[in-house]
Amino acid sequence: MLTTHFMDREMDRRTLSVDLGSGPDPANPFSADDVIGIDSQSFGDVVLQCWIGFEPLPLADSCADAVTAFDFLEHLPRCIWKDDRLINPFVEAMNEIWRILKPGGIFLARTPAFPHPEAFQDPTHLNIITDTTVSYFARRISHDGTPVDPWGPELGRRYGFVGSFDLLHQAWDGSHLIWKLQACKPVEAIRA
């Protein structure tokens, strides 16, 4: 019995990273114990098939320590008409990312962004990101502790975003913008 209890505790400490738009080789920049890719195409046992932003991610609430999205967010449409209503796949994807992250979990994204031509040149880029897009999903706090873009989270809620993130870091990497967000949710959100 002691061995079983110890093994359960070991499993509880394993970390999970989820890579969105992973293709056949999911990224694991946090060196998580387990990594799952999610893509519109199936690539075997470690990549689940899902149309991100159009259907729920096939994972439990509060299960992931980290979610990554490298060169992916720009491919999500801003809005579409579906079933006699307007939906926003980008906002829905952000809702799902927040849903599967554990309290304090990290979302790391890298995407080509405005004003760089790379944001527009690929015809499959449907979602143009700017350095203020993050304000709709995350609290940005200035060095003096005051909120940057205090209007952002309220507009995000109005547009359907149900979660909350804190912006830990945002920086340019050439033509790409990098976001590092932390999920804000109560610890009770982890289901037994």
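Residues numbered from 1 in each chain as written. Predicted model: local features only at pLDDT ≥ 70, side-chain atom pairs only at ≥ 80, totals over all residues. Heavy atoms only, no water.

### Structural notes on the state of the cysteines
Here is the rule: In plain terms, two cysteine sulfur atoms within 2.5 Å form what is called a disulfide here.
As enumerated under the stated definition, the model contains 0 disulfides in all. Among the cysteines around Cys-63, which has no disulfide bond, Cys-50 carries the closest sulfur, lying 13 Å off. The thiol sulfur of Cys-184 is not disulfide-bonded, and the nearest other cysteine sulfur, from Cys-63, lies at 18 Å.

### Considering the pairing of strand β10 (residues 165-173)
Definition in use: Note: two strands are recorded as paired if DSSP finds a minimum of 2 bridges between them. Helix numbers and strand numbers start at the N terminus; a helix is a DSSP run of H or I with at least 4 residues, a strand a run of E with at least 2.
Taken together, the 2 bridges between strand β8 (residues 138-141) and β10 define a ladder with parallel strand orientation. From the neighbouring strand, Ala-138 faces β10, where its bridge partner is Phe-165. Bridge count for β10 against strand β11 (residues 176-183) is 8 bridges, and the pairing is antiparallel. Looking at the pairing, Leu-167 lines up with Leu-181 of β11.

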